[in-house]
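# A structural walkthrough
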Amino acid sequence: MRVALFITCFNDTLFPDTGRAVVTLLERLGCRVEFPLGQTCCGQMHFNTGYQPECVPLVRRFTEVFDGYDAVVSPSGSCTAMVREYHGRVAEVAGDERLAEAVRAGPPVYELSEFLVDVLQVTDVGAYFPHRVTYHPTCHSLRMLGVGDKPLALLRAVQGIDLAELPAADQCCGFGGTFALKNADTSAAMCTDKVRHVLATGAEVLSAGDNSCLMHIGGSLSRLRTGVRTLHLAEILAATRESPVRKVKSA
Amino acid sequence: MSDSTYLGMPPFPEAARTALGDTQLRSNLAHATDTIRRKRAAVVAEVDDWEELREAGRAVKERTLRHLDTYLVRLEERVTAAGGQVHWARDGAEAGRIVTELVRATGESEVVKIKSMATQEIELNETLAEAGIAAYETDLAELIVQLGDDHPSHILVPAIHRNRAEIREIFVREMGAYGTPAPDGLTDDPARLAEAARLHLREKFLRAKVGISGANFLVADTGTAVVVESEGNGRMCLTLPETLISVVGIEKIVPSWQDLEVFLQLLPRSSTGERMNPYTSTWTGTTEGDGPSTFHLVLLDGGRSDTLADRIGRQALNCIRCSACLNVCPVYERVGGHAYGSVYPGPIGAILGPQLRGTDTLLDRSLPYASTLCGACYEVCPVKINIPEVLVHLRAQVVDEGRERRVPKAERMAMAAARWVLSDPARLAAAQRTGALGGRLLSRRGRIGRLPGPLSPWSDTRDAPSPARESFRAWWKRTH
Ligand code: SF4
């Protein structure tokens, strides 16, 4: 099976450690991933802000770059959802039948926890992470992809972990892409409640399957000097006794 | 009493900022939405085939809207045959004129009203007031809103933003000016407040010769109108007056009683969290010696046929106004209904308002952006309206209209630049190198506390990560 990693432009630029963790993790599980260098962006920011024609070249590039692979795996719930739910729509709105066909014929795209649990069929990935962790499920993973409690099943199998349940976990953190800028006040009000719930767990680490939400909540955790740090699910799952999380970024 | 309209409302983010600072409002809303969410979740969980029911509801609506013309003609025939009169109104102004004329023809100068979204949408009370006709709201929450010279802030619970103490104050202060005053020594005990409203309203019911209503459903097969309610005031308005005028949006049609059955199951569980709604009133034209002797049905278009023409946007017309989407919306929960600037607040308001009214105002252009696209609304909607999908669709419409107007806009230029960078991996790699350098200049210990220009709203409350020294693709190239 030829598996390609879709890192997403956001992780590529701001959170490369997550990508490296995905590679480490999948290789440890015996799955060699390739990283097609032609990849850029799924178009989510443009699409969700209303710039649909701008997405066309991005969707075209995506279909070309990942053509021929058996599966694509991505450490982002919302980018995975964009590809699955809306790439077809972009092609349709552009009236580009060939592109629409290419989207339909493309390989299945999985969010990381889906790929581990559904494709590789593992929940115990041999990770070791002796910290108190709480998990925010993120809206697009939860409601658009329907990943259910796959990420939690993976975390529960991590050795040494002290997993604390996050109150009101299914509530949005208030990020919403450009929402955080266009409606900054409402976004901050939502984030404050999320931070309150995170602090109530007494966790030292907040994890999620999407670095965009983590950047948002983490930005508040950091501004308030809470001492809680954020870590993508992949980085916890990649950690072992021999090689713990490389760099501890404190919030 | 209220003669204020929604004209000139500020765009959503501005109104939201004010609302977010109102601590009383925040606590009233948090309490009320939390309670009703739990109630809904509990009664929905009891129904094994809830998902099938939702799908049935969606399918009936879609099928009906596809053949709306046929059903409307059938409805008109049946209502007329049963002794009612049907009037067609292209827009709110026309509907307002029709109703005003109908009331004038009775010689009356006051009417009693059942809570109705359609009459609020067309601002009927204001139109009638201009013609010297007083319209009295009889729904408890609408009465509170009307006496308080206020706007409703929720579809089902229009006074959700008020608590008991505020309601008591409004009753004591205002009731006397419009009829029976509040009893002496009124407390904020809910039972006492309800009693005060009952006394105040009874006098109006007994005197009224004209009743005005909306309808939750119109059954085309028999020409029957249906109102569901919890208080019983609606039934009084529907039965006591001599003349009944109902203003109803053309999308409220269902073909048959069998179809109606689906919605009578979906609606109460979704809206009030009840298994069955307490009062279901149905009437077909007029009946000699029983209820109003004259019945007028005013069918309102008001932007609905334009909405129907939009393949993605038209699903908003499926709405049965249950308000479940408001109650679960994290934005609504914090901001309340007034910031949406119309009678339709919350997620449904954000997709319905800009479609019915168009996107000419700053407010209507801001509404499709009043959401994080978290999808909680879609998950609960009993007729499966994919609200996030419509929001994104309307955002594209707003952006495209902006392009046509050719106004230079910072956001559009930023998006164009981003597209240019992102459509080529070499450009992306170059931008990453430049960004990493810039980020290092701004950051302290890996965190950026102040971002420049249009990104500053982010850093007002949040730190930002600095771009990595080495991007993932640079690392991959170096090591593979
Ligand atoms: S959009 Fe759906 S959930 Fe919202 S009020 Fe209408 S029917 Fe209810």
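How each quantity is defined
- Residues numbered from 1 in each chain as written.
- Chains lettered and ligands numbered in written order.
- Predicted model: local features only at pLDDT ≥ 70, side-chain atom pairs only at ≥ 80, totals over all residues.
- Heavy atoms only, no water.
- Helix = DSSP H or I, 4+ residues; strand = E, 2+ residues; numbered from the N terminus.
- Rg over C-alpha atoms; globule rule 2.2 N^0.38 Å.
- Buried < 20%, exposed > 50% of the residue type's maximum accessible area, 1.4 Å probe, protein only.
- Contact = heavy atoms within 4.5 Å.
- Areas by Shrake-Rupley, 256 points an atom, 1.4 Å probe, with all protein chains shown as cover.
- Lys, Arg positive; Asp, Glu negative; His and termini not counted.
- Charge placed at Lys NZ, Arg CZ, Asp CG, Glu CD.
- Pairing = 2+ DSSP bridges.
- Salt bridge = Lys/Arg side-chain N within 4 Å of Asp/Glu carboxyl O.
- Domains from an automatic or database assignment.
- Near = heavy atom within 4 Å.
- Nonpolar A, V, L, I, M, F, W, Y, C, P; charged D, E, K, R; others polar.
- UniProt positions renumbered as here; feature names shortened; annotations may be inferred.
- Phe/Tyr/Trp six-rings, centres within 6.5 Å; stacked < 30°, edge-to-face > 60°.
- Lys NZ or Arg CZ within 6 Å of the ring centre and 35° of its normal.

## Brief notes about the overall build of chain B
Secondary structure assignment for chain B yields 23 helices and twelve strands. Scaling as 2.2 N^0.38, a compact globule of 480 residues should have a C-alpha radius of gyration of about 23 Å, and chain B matches this with 26 Å. Sorting the 480 residues of chain B into buried and exposed places 57% on the buried side. Long-range contacts, defined here as pairs at least 24 residues apart, represent 73% of the contacts in chain B between residues at least 6 apart. With an accessible surface of roughly 20300 Å², chain B has 53% of that area assigned to carbon and sulfur atoms. Between the averaged position of the 59 positive side-chain charges in chain B and that of its 62 negative side-chain charges there is a distance of 11 Å.

## Quick look at the sheet that holds strand β2 (residues 33-34) of chain A
Residues and elements named next belong to chain A. One open sheet holds the four strands; their spatial order is β2-β1-β3-β4, and the pairing between them is parallel. Two strands bound the open sheet, and with one partner strand each, they are β2 and β4 (109-111). Inspection of the sheet shows strand β1 (residues 3-5) paired to β2 by two bridges, in the parallel sense. Paired with Val3 across the strands is Val33, a residue of β2.

## Here's the deal with the pattern of salt bridges
Residue and element names in this part refer to chain A. Within the structure shown, the criterion is met by 48 salt bridges over all chains. Residue Glu101 pairs with Arg104 through a salt bridge whose shortest N-O separation is 3.1 Å. With a gap of three residues between them, Glu101 and Arg104 both fall in helix α6 (residues 97-105), about one helical turn apart. On the basis of relative accessibility, which here comes to 40%, the residue Glu101 falls in the partly exposed class.

## Some remarks on the domain arrangement of chain B
What the domain assignment reports for chain B is domain 1 (66-304) and domain 2 (421-479). Each of domain 1 of chain B and domain 2 of chain B has a C-alpha centre, and these two points are 57 Å apart.

## Focus: the site of the ligand
As a matter of local geometry, the ligand sits amid Cys319(B), Ile320(B), Arg321(B), Cys322(B), Ser323(B), Cys325(B), Ile348(B), Cys381(B), Pro382(B), Val383(B), Ile385(B) and Ile387(B). Of the residues that constitute the shell around the ligand, the class distribution is ten nonpolar, one polar and one charged.

## Quick word on the UniProt feature "domain: Cysteine-rich" (unreviewed entry) in chain A
Residue and element names in this part refer to chain A. Under the feature "domain: Cysteine-rich" (unreviewed entry), the UniProt entry names residues 3-83 and 133-217. Overall, residues 3-83 shows 54% helix and 11% strand. The separation of its end C-alpha atoms is 16 Å. Taken end to end, residues 133-217 comprises 51% helix and 12% strand; its first and last C-alpha atoms sit 15 Å apart.

## As for the packing of aromatic side chains
Think of a pair of aromatic rings as described by two things: how far the centres are apart, and how the planes are tilted against each other in angle. Inspection of every chain in the model, using the stated rule, returns 17 aromatic pairs over all chains. With a centroid separation of 5.4 Å and 45° between ring planes, the pair formed by Phe472(B) and Trp475(B) is classed as tilted. With Phe472(B) and Trp475(B) both in helix α23 (residues 472-479), this residue pair falls three residues apart, about one helical turn. We note that Phe472(B), like Trp475(B), is buried. Relative to Trp476(B), the ring of Phe472(B) lies with its centre 6.2 Å away and its plane at 35°, an arrangement referred to as tilted. With Phe472(B) and Trp476(B) both in helix α23 and four residues apart, the pair spans about one turn of that helix. Under the relative-accessibility criterion, Trp476(B) is labelled buried at 8%. Through a chain of ring-to-ring contacts, the aromatic side chains of Phe6(A), Phe62(A), Phe66(A) and Tyr69(A) assemble into a single cluster. Above the face of the Tyr136(B) ring, Lys204(B) is positioned so that its terminal group lies 4.5 Å from the ring centre. We note Arg462(B) situated over the ring of Trp458(B); from NZ or CZ to the ring centre the distance is 4.6 Å.

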